[in-house]
Amino acid sequence: MNAVLDANPAAAGRSATDASFEPYGRLLLLLMPSLRGVVVHDGFANLVWTSDDWDLGEHADIIRDSIANALSDVSEYPGIMREIDADSAAYSFAVRGEATDVLGVVTLVAKLRGMRTEAFSLAYVRQLVQPSLECLRREMTLRTRLGSRERDLSESERGLDLMLTMSSRNAVDASDADEFALILKAGIDHMGCALAALWVPDKNISLSLTRSGQPMAPEALNRARQHLTNWMQLQQRTLVINHIAKVVSNVAAPYKILASPIRNRSERVIGVYALFNPPNAADFDAHKARIAELLAKKAALIIQSQYDPNTGLMTRHAFERQIGALLVAPKSNVSARDSHSIIYLDIDRLHVINETFGMHVGDQVIACVAECLAQNLPVGALSARISGDRLAAMIPESDLEAAATVAENVRAAATKVNPRAGQGAFDVTVCLGVAPIGRSENPLPHALATAEIACKAAKDRGRNRVEVFQDSDQSIIRRHTDLLVIGKLRDALEHDHFRLDAQPILPLRGNYGRPRFELLIRMLGDRGEIIPPSKFLSSAERYQLMPTVDRWVVRHACQLLGQHSVVVGSGMARFAINLSGQSLQDDTFLEYVTNELKTSHLAPEVLCFELTETATIGNIAKAQAFMHTLQDLGCQFALDDFGTGVSSLAYLKDLSVNYLKIDGSFVRDAIKNSRSESMIKAIAQLAKAMHMDTIAEYVETDELRVRMTELGVDYGQGFAMGKAQPLQELLKELDIFEASVDIRVDPLVRAT
Ligand code: C2E
Ligand code: CA
Ligand code: CA
């Protein structure tokens, strides 16, 4: 089996396929060792991944039939089975999205059984591979949500789609601009035109491409643009001009023209996709007109996915993508200032407006405020609807002062908004926060978060105002709630008003391995009351205090465990310490940990560190370096809250973690939700293949404990296995614990 798994590690590097599907392929191979190959197609029959160069060449009809079958069969994983040659059969399963849409097709080529040359039944195979189909569904759903628009095209448009994806294969992270470029290119390359243009005036989109690969000077196309957009708005349909002489002279240049309208969600024409050819070229025919319409529709889909329909501002995702591209782009102008600013806007008391006047008025207010924002931004700024009533803008090359002035103008303009002019007046006010985009590893999320804090401060200070985030003067951004908590937290950090609790993590099968515990921090209040981490960690995070908290935990854990090193060592217990993403970012944190280990004389093998999936993926380079150094010393690592991040299983192969902690939300669900159950099973299997152990969190009942065992999870943690207790008490009892566990003797305590 491993021979199959490892035989072709290079498959991941094949340029025509998407390597992030590899873990799923591996998982499938693992679930069904008689597999010879796995092929993944998208919902339009485009190949996306294949193991060992399988391409199903002359059996392409299987994919087509599988999609057709899925359209008529509503079961969860409709499939078909075909014997493709004397000794192998293909099983093809369609993967559905949240509705009944087909996200893709997974085809398994399996050896026929032994001498009897008999194929497994379709139902049997389906049952066998269901867990990994479930994982694939999740991956494919995420992808579609994250902007693959191909699916939106109907079945008849597959050919076109194929054409576009073929040309985009190499653009791994194609931006929307790249996708527009592909549409223009499709007009030139595949339809043999001399010039292609795409105009959407509202969105400031004005693009063109000639056969030389260069755009046309915009002025040269001004007249054509104006006429064609006007014509489209009036006629609302595709225009074909082959006979130039017949055309009103001021409409046509000496060109044959094929132009299709680009429509928004409500079918209003917002732009034009136009193709031009010299008079001696072949006529534009109905087929080309159809393709131009499809390309225009594709452009419309890109625009739709990029802009929020209510406000016309970008979506959060498009905003992040564009800014991401802008931040990594090389500076075209050396003298340009490289400081950018973020404005975060929140409409005051929108819920009151919604409740009093109805949601539709609330929507109007949001749209009007969005317009105030857009109108007051300088050229080159980007604006987005982040969520609900929250908007954001990025002003490139602007310092905080300039950005604050813009914010102030937006605030003033918003007070004049009155969507129900005349009847039942009400005031609209907004709060804005301004923050710089710094040079951290995740500059945009960080800037958005700080701008949001400044915006919250504006709310706390009486609304209808602008606050600027300034590192040097935190008084400006303090939120009332944070204020209290942060005061207490600083105090607790100074006077050690914390306690570490330890919760057991127990093997689910047999008494193997060493006892394990997760350390959990608690704050001690003035009257000795226990304050759980949920009450102070989020404030700590907003105030960048997590590295300080984590340092406290590391130091005290090392000290306490070091003092009991004989017990800890002979019992070989392991203790897991949670670390935050902020600590990973902190360049001096690693050194702190290694120093504490040294001075406490604690065997590094005693410690395991838990990093959340999100923090790790967000800082993958730093996380890897951090992990390698500590693993070399003997520490272990666990990936916490696994399954909740937006990351895919594909990241796993880049991370050398020892444990996956399956997030409690899946575990809790596992009894009644078969998808969660399948996910857990698949994670457990995949982890095995990658030599990791799995830990299920939130094992609250015996029923769950049994279930987790059946699903192949290695360890359980939760109220059914044991609650957290103070570490100091536990250390005293640890020898009792040891008695119940089968221990291998292994000298772990360093000679002191
Ligand atoms: P986590 O790392 O996912 O820790 C597990 C949390 O689930 C703990 O909550 C634990 O008490 C709780 N729990 C355990 N078993 C069960 C169960 O069966 N049912 C339910 N409902 N809950 C269970 P806690 O101690 O409140 O910690 C919450 C979060 O705070 C932790 O989530 C972790 O993200 C963070 N945290 C806790 N201690 C530390 C620490 O020392 N450092 C850092 N950086 N973060 C910490
Ligand atoms: Ca944890
Ligand atoms: Ca967790």
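Below is a short write-up of the structure.

What counts as what
Residues numbered from 1 in each chain as written. Chains lettered and ligands numbered in written order. Predicted model: local features only at pLDDT ≥ 70, side-chain atom pairs only at ≥ 80, totals over all residues. Heavy atoms only, no water. Helix = DSSP H or I, 4+ residues; strand = E, 2+ residues; numbered from the N terminus. Expected span 1.5 Å × (residues − 1). Buried < 20%, exposed > 50% of the residue type's maximum accessible area, 1.4 Å probe, protein only. Arc of directions from axis to C-beta. Contact = heavy atoms within 4.5 Å. Donors = N, O, S within 2.8 Å, 3.2 Å for Na, K, Ca; no water. Near = heavy atom within 4 Å. Polar contact = N/O pair within 3.5 Å; in protein donor to acceptor, adjacent residues only side chain to side chain. Areas by Shrake-Rupley, 256 points an atom, 1.4 Å probe, with all protein chains shown as cover. Nonpolar A, V, L, I, M, F, W, Y, C, P; charged D, E, K, R; others polar.

### Some words on helix H21 (residues 620-633)
One full turn of an α-helix is made of 3.6 residues, so residues set three or four places apart face in the same direction. Look at H21: 20 Å from first C-alpha to last across 14 residues, which is about the 20 Å you get at 1.5 Å a residue. Turning to H21, its buried residues are Ala-623, Phe-626, Met-627, Leu-630 and Gln-631. All buried residues of H21 fall inside an arc of 120° around its axis, so they share one side. Looking at the buried residues of H21, the elements they touch are strand E20 (574-579), helix H18 (581-585), helix H19 (589-600), strand E21 (607-612), helix H20 (613-618) and strand E22 (636-642). Where H21 ends, the next residue or the one after it, Gly-634, has phi of about 120°, a positive value.

### Examining helix H3 (residues 61-72)
The first and last C-alpha atoms of H3 sit 17 Å apart over twelve residues, in line with the 16 Å expected at 1.5 Å per residue. Within H3, the full set of buried residues consists of Ile-62, Ile-63, Ser-66, Ile-67, Asn-69 and Ala-70. Along the axis of H3, the buried residues cluster in a sector spanning 160°; they form a single face. H3 presents Leu-71 and Ser-72 as exposed residues on the side facing more than 90 degrees away from its buried surface.

### What about the coordination of the calcium ion (ligand 3)?
Binding of the calcium ion (ligand 3) to the protein goes through Asp-640 (OD), Asp-641 (OD), Glu-697 (OE) and Glu-697 (OE), at separations of 1.9 to 2.9 Å. Expressed as a motif, the donor residue spacing for the calcium ion (ligand 3) is D-D-x55-E. Of the residues examined, Asp-640 reaches a relative accessible area of 7% and is grouped as buried. Given the relative accessible area of 25%, Asp-641 is considered partly exposed.

### Observations regarding the site of ligand 1
Around ligand 1, 20 residues are found, and the nearest of them are Arg-522, Asp-550, Arg-668, Glu-700 and Phe-719. Between an oxygen atom of ligand 1 and a side-chain N or O atom of Glu-518, the distance comes to 3.1 Å. At a separation of 2.6 Å, a nitrogen atom of ligand 1 approaches a polar side-chain atom of Glu-700. Isolated, ligand 1 exposes 790 Å² of accessible area, and the fraction of that covered by the protein chains is 82%. Listed by contribution, the elements that provide at least two residues to the shell around ligand 1 are strand E18 (516-524), helix H16 (546-563) and E22. Residues belonging to the shell around ligand 1 are distributed by class as follows: eight nonpolar, four polar and eight charged.

### As for the coordination of the calcium ion (ligand 2)
Looking at the metal site, the calcium ion (ligand 2) is ligated by Glu-518 (OE), Asn-578 (OD1), Glu-610 (OE) and Asp-640 (OD), spaced 2.1 to 2.3 Å from it. The sequence pattern formed by the donor residues of the calcium ion (ligand 2) is E-x59-N-x31-E-x29-D. If you look at the calcium ion (ligand 2) and the calcium ion (ligand 3), they sit 4.2 Å from each other and are both ligated by Asp-640. Taken as a pair, Asn-578 in strand E20 and Glu-610 in strand E21 lie far apart in primary sequence, 32 residues in all. Its relative accessible area of 24% is what places Asn-578 among the partly exposed residues. Overall, the relative accessible area of 2% leaves Glu-610 in the buried class.

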